[in-house]
Amino acid sequence: MTMFNLLRRQPWVITVLVFLILVTVNTVLQPSFVEPSVMQSNLATFLPLILVAIGQTYVILAGDIDLSVGSIVALVNVVTVTVIAALGGTLGAVFGGMAAGFVTGIACGLINGFFISGLRFQPIVTTFATGIIFAGLAIWVLPQAGLPVPDAYWMTYTESVLGIPVVAWVLIAGVVFTLVVSRLPFLTRLTAVGGNRTGAFQTGLSLGGLRIGAYVISGAFASFAALCLTGETASGDPLLGASLALSSISAVVLGGTALAGGFGNATGSVVGALVLGMIGNVIFFAGLPFEYQTLVQGLIVLAALAGGVFVTRR
Amino acid sequence: MFKKLVLAAMASVGIIASAHAQEQSFKIGLSNSFVGSEWRTQMIEEAQAAAAAWAEKGVKVEVVVQSGNVDVQGQIGHIRNFMNQGVDAVLINPGSPTAFNPIFAQAKARNLLIVATDAEVSSKDAIYVGIDQKAWAMQSAEWLAKTLNGKGNIVAINGIAGNPANELRVAGYKEVFAKYPDIKVLNEANASWDQAQGQQTMQNLLATYPDINGVWVQDGMADGAWRAIEAAGKVEGIAATGEIRKDFMTRWSEKKFNSGASVNPPGVMASALNVAVLKLMGKEFKDGVFGGTYGNAIYIPIPFVDGNNLADNLKAAEGKPGYWSVTATVSAEDAEQYFQ
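What this report covers is the structure whose coordinates are included nearby. Treat the numbers as computed from the prediction; the structure is a model and nothing was measured. (Residues numbered from 1 in each chain as written. Chains lettered and ligands numbered in written order. Predicted model: local features only at pLDDT ≥ 70, side-chain atom pairs only at ≥ 80, totals over all residues. Heavy atoms only, no water.)

1. Let's talk about the pairing of strand E4 (residues 113-116) of chain B
Taken residue by residue, a regular strand's side chains alternate between the two faces of the sheet. Residues and elements named next belong to chain B. In plain terms, the rule: Only protein chains enter the accessibility calculation, which uses a 1.4 Å probe. A residue is then buried if its area is under 20% of the maximum for its type, exposed if over 50%, and partly exposed in between. Put simply, DSSP marks the helices as runs of H or I at least four residues long and the strands as runs of E at least two long, and each gets a number from the N terminus on. In this description, strands pair whenever DSSP reports at least two bridges between them.
Because side chains alternate across E4, one face comprises the buried residues Leu113 and Val115, and the other comprises Ile114 and Ala116, equally buried. As paired elements, strand E3 (residues 89-93) and E4 share 4 bridges and run parallel to each other. Of the residues in E4, the one forming a bridge with Leu91 is Val115. Direction of pairing for E4 relative to strand E5 (residues 127-130): parallel, over a ladder of 2 bridges. By the bridge assignment for E5, Val115 is matched with Ile127.

Here is the structure:
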């Protein structure tokens, strides 16, 4: 029973098992999977979702939700490339553009937090609406996909530093962030806000600040994801990131975080995002007919979620 | 030993073999980013059929498909999987004109041939085989303007703002209507290429403007728009562009719509496949064959359906399901014209 209790307290262990199974299946179907270059390319593909899922976790832990992350990614992307182009495409311009993008992401998080925590708006509807606004702003900033960034930007993104690919460094930084935050009182308080909001309020926690903080973290990670996507695509596209909101929520739940808030951790969400990415790969290398690929993908995601549900059910 | 035998065998049939070319075999990846439309399904099925047809010519074309509702990042993942699997060429219906530049560059570095279809891409490392979306729109706009004798009030219903094909189409009809000073565009709305939204938008437009003479509307939204026109009892007084699915053409014929439709054939991917296979066989493109916005496009013919040939098109659709679209493919023989 101890094993079962462990799983109940740490439901993301199930997701780790699912991940290992998917890796095994993928390696059998595609032996080149373990080659460093192939692993690097897979990681590059999954990285934006991983980053967005990390940010989404903190919002969900506080009992809220952020449906606007995909639009934030699009807006940060177009702001970044527009500023780089406006500043002349030099190395300084690249850093200026990245900074402008990052500030945009933080601002989006603040706006979400202000409406939801400050004005007590309902989170699902509000972030759905702000998502439309951010997407609209993205089209206003860059009406059509284009504006290539300097080659140095995407080339650096695909290269290695100190023998380790840049994408792996970004992943390591993200995971370290989640581990550091998990040691901070901030996370305990945030979890309290999600688990028992009235109780948290009565103990004197600053609910407003904590919830706004979570949305700002989500906005910040959405902007990191956008900067990675800019490295992937080397250009601006106002329609980028459309599927990220729901995928990131799925990744968070797969990672063992309760959708109602109050329980879970962001490191699990990293594994959850990896599982979602791997499912797509396995389906391809299994050679399924194209008519069934979407259906089977949905079924596997459902099965992976069900594993966690059955274990944690009392 | 085995090697020697093979060499000997090859030498002995050398002269015949060089004429008939040794059994060639290619693996081609197809990437599709949107599954919510029968048009895309038909596109993939026609490409698969075109690949199978190469067997008659002694060329084995194996097709691997990745299809799902994915964003740009997901489609980059498709291309990476193809690269890791080791295909010879990738055919892609791309979700963005610019976002694939780095991944195309990486694929090209590995000697992959990249052919985009249905939507143009800006990459120098890819080519585009498909229709000119702007010309597609100009053709039906021209039909509408002529049908109205160059005079009247028009509304337009478009797809998604910011989508590259949509922007090209909008530019196309604007250019045409600008040539007719007596044609007045009252309003331009977006309905996300959704049939129900198209219907609703048309209802609103009909309620707002009682004196509409013509409607320029794209793709499946035309079906919805025509339903709204029918409901308002204005079939006789309005000319509107149509679409090319069998269900719609049947209603068009029965209810005598005054309509005309440019065809974006689902066969574009099959056309792209035929071009790709010829290129993989070692043929070189003719000089000056590429044009378009990015100088990498081979534009293929755009059929047109109107009252004159509607019956023929319905006849060709006999026995097909209701969602079947009028199609056309640049055959392997026709594709030779693009090569030296």
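From this point on, the discussion continues.
2. Topic: the packing of aromatic side chains
Residue and element names in this part refer to chain B. Formally: Aromatic pairs are defined between Phe, Tyr and Trp rings, using the six-membered ring for Trp, whenever the two ring centres lie within 6.5 Å; interplanar angles under 30 degrees are classed as stacked, those over 60 as edge-to-face, and all others as tilted.
What the rule picks out here adds up to 18 aromatic pairs over all chains. Seen from their ring centres, Phe100 and Phe104 are 5.6 Å apart, and the 25° between their planes marks the pair as stacked. Residue class for Phe100 comes out buried when judged on its relative accessible area of 0%. An angle of 75° between the planes, with centres 6.2 Å apart, marks the rings of Tyr128 and Tyr299 as edge-to-face.

3. Let's talk about the pattern of salt bridges
To be explicit about the condition: By salt bridge we mean one thing: a side-chain nitrogen of Lys or Arg within 4 Å of a carboxyl oxygen of Asp or Glu.
Summed over the entire model, instances satisfying the criterion amount to 16 salt bridges over all chains. Across the pair Asp64 of chain A and Arg197 of chain A runs a salt bridge, and its minimum N-O distance is 3.6 Å. With a gap of 133 residues between them, Asp64 of chain A in the loop between helix H3 (36-61) and helix H4 (69-86) and Arg197 of chain A in helix H10 (residues 197-202) connect regions that are remote in the sequence. Classification of Arg197 of chain A as partly exposed rests on a relative accessible area of 30%. Through salt bridges with shared partners, a single ionic network connects Asp223, Arg227, Glu230, Arg251 and Lys255 of chain B.

4. Quick look at the nonpolar core
Rules: Note on terminology: a nonpolar core comprises buried Ala, Val, Leu, Ile, Met, Phe, Trp, Tyr and Cys residues joined through side-chain atoms within 4.5 Å. Pairs of residues are marked as contacts when any of their non-hydrogen atoms sit within 4.5 Å.
Counting 101 residues, the largest nonpolar core has Ile50, Tyr58 and Val73 of chain A together with Ile92, Phe100 and Phe104 of chain B as its most contacted members. It is H3 of chain A that contributes the most residues to this core, 14 residues altogether. Apart from residues no more than four positions distant in its own chain, Phe100 of chain B is found in contact with Val72, Gln75, Ile76, Ile79, Ile92, Pro94 and Gly95 of chain B. Core analysis: the second largest hydrophobic core is formed by 58 residues, Ala50, Val61, Trp143 and Ala272 of chain B among them.

5. Considering the side chain of Ser140 of chain B
All names here are of chain B. Turning to its location among the elements, Ser140 is positioned in helix H6 (residues 133-147). For Ser140, a relative accessible area of 3% translates into the label buried. With near-sequence residues (within four places) excluded, Ser140 lies in contact with Trp216, Thr241, Ser262 and Phe304.

6. Examining unusual backbone geometry
Even without being glycine, Leu147 of chain A reaches a positive phi, approximately 55°. Note on placement: Leu147 of chain A falls in the loop between helix H6 (123-141) and helix H7 (151-158). For Leu147 of chain A, a relative accessible area of 32% corresponds to the partly exposed category. With a phi angle near 50°, Asp219 of chain B is a residue other than glycine that sits in the positive phi range. Its place among the elements puts Asp219 of chain B in the loop between strand E8 (214-217) and helix H9 (221-231).

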